[in-house]
Amino acid sequence: MSDHVYKQIELTGSSTVSSDDAVKTAIAKASKTLRNLHWFEVTETRGQIEDDKVAYWQVTIKVGLRIE
């Protein structure tokens, strides 16, 4: 097994559907311009309430990018 080195970045995704969808949104958007996304860790979850209902989710994640 090779030794790997990672750069860590922080992203925040949002979704009106779910917190899981907010994570997927952030990763999908990042993967359009970044390579070698390897892992993620949820660091914060927030939401907006409107009319006594959850209007949207906002999730902050740390993402590890494998350095070539």
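Residues numbered from 1 in each chain as written. Predicted model: local features only at pLDDT ≥ 70, side-chain atom pairs only at ≥ 80, totals over all residues. Heavy atoms only, no water.

**Description of the overall build of the chain**
Along its length, the chain carries one helix and three strands. When the helices and strands of the chain are listed from N to C terminus, the series reads β-α-β-β. Referenced to the eigenvectors of the C-alpha coordinate spread, the extents of the chain come out at roughly 50 × 20 × 15 Å. Within the chain, the fraction of its 68 residues that count as buried is 19%. Long-range contacts, defined here as pairs at least 24 residues apart, represent 61% of the contacts in the chain between residues at least 6 apart. Looking at the chain as shown, the accessible area adds up to about 5100 Å², and 48% of this sits on carbon and sulfur atoms. On the chain, the mean spot of the 9 positive side-chain charges and the mean spot of the 10 negative ones are 8 Å from each other. (Helix = DSSP H or I, 4+ residues; strand = E, 2+ residues; numbered from the N terminus. Buried < 20%, exposed > 50% of the residue type's maximum accessible area, 1.4 Å probe, protein only. Contact = heavy atoms within 4.5 Å. Areas by Shrake-Rupley, 256 points an atom, 1.4 Å probe, with all protein chains shown as cover. Lys, Arg positive; Asp, Glu negative; His and termini not counted. Charge placed at Lys NZ, Arg CZ, Asp CG, Glu CD.)

**Notes on the pairing of strand E2 (residues 37-50)**
Across twelve bridges, the pairing between E2 and strand E3 (residues 53-66) is antiparallel. Its bridge partner lying in E3, glutamate 50 is registered against lysine 53. Following E2, the chain reverses through two residues before pairing antiparallel with E3; aspartate 51 in that reversal takes a positive phi of roughly 55°. (Pairing = 2+ DSSP bridges.)

**Regarding the nonpolar core**
The biggest cluster of nonpolar side chains holds nine residues, and these are Leu11, Ala22, Val23, Ala26, Ala30, Val59, Ile61, Val63 and Leu65. Aside from chain neighbours lying at most four places away, what touches valine 23 is Phe40, Val42, Val59 and Ile61. (Core = buried A, V, L, I, M, F, W, Y, C linked by side-chain atoms within 4.5 Å.)

**Looking at the environment of threonine 60**
As for its placement among the helices and strands, threonine 60 is situated in strand E3. C-alpha separation for the pair threonine 60 and lysine 24, spaced 36 residues apart in sequence, amounts to 11 Å. Other than its neighbours up to four places away in sequence, threonine 60 contacts Glu10, Leu11, Thr12, Glu41, Val42, Thr43, Glu44 and Arg46.

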